[in-house]
Amino acid sequence: MDDIMKDRIEQLVDYIMKWCLWQFHSRAWDREKQNEGILTKTMQLLCEEPVDLETPADRCYWVDAVFLAKGFKNTYPWLATMDKKEIKLLMQGLKDRIDYLTIKGSLNKELTNPLY
Amino acid sequence: MPYHTFKCSECIPERAMHAVIKGPGEDLTSCLPLGYLNTIPGTISERGCAFCGAKHVIGAPMKDVIHLCHGPVGCTYDTWHTKRYISDNDNFQLKYAWATDMKEKHVVFGAEKLLKQNIIDCFKAFPNIKRMSIYQTCASALIGDDINAIAKKVMDEMPDVDIFVCNAPGFGGPSQSGGHHKINIAWVDQKVGTFEPEITSKYVINYVGDYNIQGDVEIMVDYFRRMGIQVLSTFTGNGSYDDLRGMHLAHLNVLECARSSEYICNELRKRYGIPRLDIDGFGFEPLSASLMKVAMFFGLEKEAQSIINEETARWKPELDWYAKRLKGKRICLWPGGSKLWHWAHVIEEEMGVKVVSVYSKFGHQGDFEKGVARCSEGALAIDDPNELEGLEAMEMLKPDIILTGVRPGEVSKKMRIPYLNIHAYHNGPYKGFEGWVRLARDLYNAIYSPIHQLSGVDISKDEMPTDKGFLTRRMISDVNIIEDETTPSSERPYTGECDIVSKLRGKTYPGSPIQLGSQQQLQLDSQQQLDGTV
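Below is a short write-up of the structure. Every value quoted in this text rests on a predicted model; they were computed, and no experiment measured them.

**Considering the overall build of chain A**
For chain A, the helix and strand inventory stands at four helices and zero strands. Counting helices and strands in the order they occur from the N terminus, chain A gives α-α-α-α. With respect to the principal axes defined by its C-alpha atoms, chain A has extents near 45 × 35 × 20 Å. Classification of the 116 residues of chain A by burial places 39% in the buried group. Considering only contacts in chain A between residues 6 or more positions apart, those separated by 24 or more positions represent 69%.

The structure is reproduced here in structure tokens:
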């Protein structure tokens with residue numbers, strides 16, 4: 001991954017950390033589902049792919065994804081210069097980074113508590 | 001390492017990892033204090049107990065309920081009245097406090113008979129109230145009184161009453177947060193699913209984690225109802241006991257304070273498949289986004305946009321007036337739990353102040369993750385600070401104002417630093433668009449109060465000028481304000497009314513305006529959102 005891509009991922013991370021709450025559910029398994037659900041749908045919206053809205057949970061992920069995609073587009077004009085393949089790479093890098101910050105590298109000792 | 005050691009706590013090595021300063025390049029994998037651990041002996045913590053967290057914070061805002069403490073009267077007195085969670089039934093739950101008044105002889109011989117008699121006496125004294133919450137305390141827990149059995153006996157004898165039992169004694173957790181957890185789970189275990197409230201809309205939510213401080217809940221519920229959404233229950237501010245028994249019928253849980261009530265949302269998600277949507281009800285931008293997210297879930301974007309436009313047009317010029325005058329002021333954001341992350345970023349963005357510290361007495365590491373992620377570099381984050389650490393932090397950071405509760409607030413006043421009560425509020429509600437302006441107004445009034453010119457004068461030795469008066473707020477705050485043709489003429493100080501909540505009571509709302517959108521419609525909506533056409 002080149003430095004430009006890394007820098008762009010950090011910008012997106014910063015946006016999520018400042019304006020979103022969904023990435024901080026209280027348990028690791030829950031964070032994995034949240035990160036996967038919302039960031040996948042965000043990628044699909046940015047790439048103009050169909051989004052699955054079958055279940056109430058899907059719709060809940062979707063509303064956060066719509067806001068995230070809109071926020072990214074409004075805040076980072078460089079997103080408009082990227083093609084779909086690049087956006088998918090960017091979003092995968094973002095997902096990996098958010099997973100690291102909120103789950104794998106997190107100092108939060110409660111994440112592995114088996115109860116809510 | 002980002003950990004900060006207070007000089008006053010050098011003798012308590014266990015405190016070493018409870019405070020961090022967010023340095024350049026720090027992220028959550030390197031900068032996070034410990035949290036929600038047992039209180040360290042000797043630190044003189046200012047935390048509340050688990051009983052307080054269960055009864056005072058979560059249970060007691062329920063409005064149509066007798067809240068009976070099974071324990072010594074002191075536990076009852078200390079959890080009565082000090083938080084302004086008002087209700088639309090003449091504040092029934094605030095006006096009275098009920099206790100079994102356990103004494104030494106009950107500890108020796110048991111207090112179950114006393115409890116049963118008290119329950120019956122309470123229902124006789126308030127014949128129109130048929131619902132009760134009983135709160136266990138340390139004393140009744142330690143002697144092993146079976147409160148659930150007594151409650152069942154009474155319900156068998158009095159079939160028109162319903163009783164909820166909360167077994168969260170004071171020692172049931174490191175802090176009040178342990179009580180939040182216990183009462184959440186107790187409610188969903190005992191009561192959810194036992195009542196079927198009338199469903200009047202296609203769009204039904206529970207509004208969770210708001211305690212109606214000076215009317216916060218009523219402000220938010222007004223927005224939802226204006227969109228055509230039925231707020232089935234409010235957990236628990238201005239909440240009705242039977243409505244809360246019907247939480248399982250909602251389509252969406254809209255969660256405001258994840259610290260105190262994520263547990264019930266998580267359980268409702270697991271047991272009933274109701275999704276949880278975390279929102280920010282404070283600040284123009286986050287609130288607008290939150291209302292729109294709830295609306296989008298149901299396909300009510302136009303209704304939400306109309307409210308956002310109307311409220312922003314009415315109140316933004318007043319927020320801007322204060323933001324100009326608050327710009328650069330340094331604040332310590334020292335609330336209970338959720339405001340440390342609800343406000344950490346947006347108060348800087350929208351009011352121009354600088355958050356130099358965040359703290360929580362009972363927050364978990366998850367709360368500090370949100371707070372540290374949102375606050376700026378250089379901010380000091382402290383878990384469970386004691387009074388000496390608070391004093392040291394104020395001396396080090398030299399804030400212009402402290403946003404906290406009554407007890408640390410009174411300490412800051414002695415340091416000649418103004419404070420704003422953000423537990424019970426000064427002149428709230430602070431939620432909603434107008435509420436956010438009221439917060440800005442209260443910040444402005446506190447920071448620029450003329451009293452600060454007099455409070456530092458020692459009248460035993462300082463000379464008092466008698467030929468001039470003190471400076472007014474505007475004379476101080478407007479020194480550097482340049483008003484010219486570029487200043488929007490609409491900018492003005494707050495023009496709202498003193499009471500903005502009473503008028504919402506009894507207000508009528510239109511019925512459900514449109515049908516729930518199909519999947520295709522929702523897809524279209526999402527594209528329109530992205531395109532900015534909605």
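Let us keep going from here.
**Quick word on the environment of B:K63**
Residue and element names in this part refer to chain B. Note that K63 resides in the loop between α1 (50–59) and β2 (66–70). Among the residues examined, K63 registers 24 C-beta atoms within 10 Å and is labelled buried. Considering only alpha carbons, one finds K63 and D121, 58 residues apart in sequence, at a separation of 19 Å. Filtering out sequence-adjacent residues up to four positions away, K63 remains in contact with S87, N89, F92, Q93, N238, G239 and S240.

**Here we look at the interface of chain A and chain B**
Taken together, the contacts link 30 residues of chain A with 32 residues of chain B. Elements that contribute at least two residues to the side of chain A that touches chain B include exactly α1 (3–19) and α3 (56–75) of chain A. With 12 residues, α3(A) is the single largest residue contributor to the side of chain A that touches chain B.

**Focus: helix α11 (residues 258–272) of chain B**
For α11(B), the set of buried residues is B:A258, B:R259, B:S260, B:S261, B:E262, B:Y263, B:I264, B:C265, B:N266 and B:L268. Immediately beyond the C-terminal end of α11(B), within one or two residues, lies B:G273, with a positive phi of roughly 70°.

**Here we look at the environment of B:E285**
Residues and elements named next belong to chain B. Relative to the helices and strands, E285 resides in helix α12 (residues 284–298). Here E285 falls in the partly exposed class, since 14 other C-beta atoms lie within 10 Å of it. Put simply, E285 and F433 are 148 residues apart on the chain and 9.6 Å apart in space, counted from C-alpha to C-alpha. Contact partners of E285, with chain neighbours within four places excluded, come to V346 and E350.

Here is what the cut-offs are and how they apply
- Residues numbered from 1 in each chain as written.
- Chains lettered and ligands numbered in written order.
- Predicted model: local features only at pLDDT ≥ 70, side-chain atom pairs only at ≥ 80, totals over all residues.
- Helix = DSSP H or I, 4+ residues; strand = E, 2+ residues; numbered from the N terminus.
- Buried ≥ 20, exposed ≤ 12 C-beta atoms within 10 Å, placed from the backbone.
- Contact = placed C-beta atoms within 7 Å.

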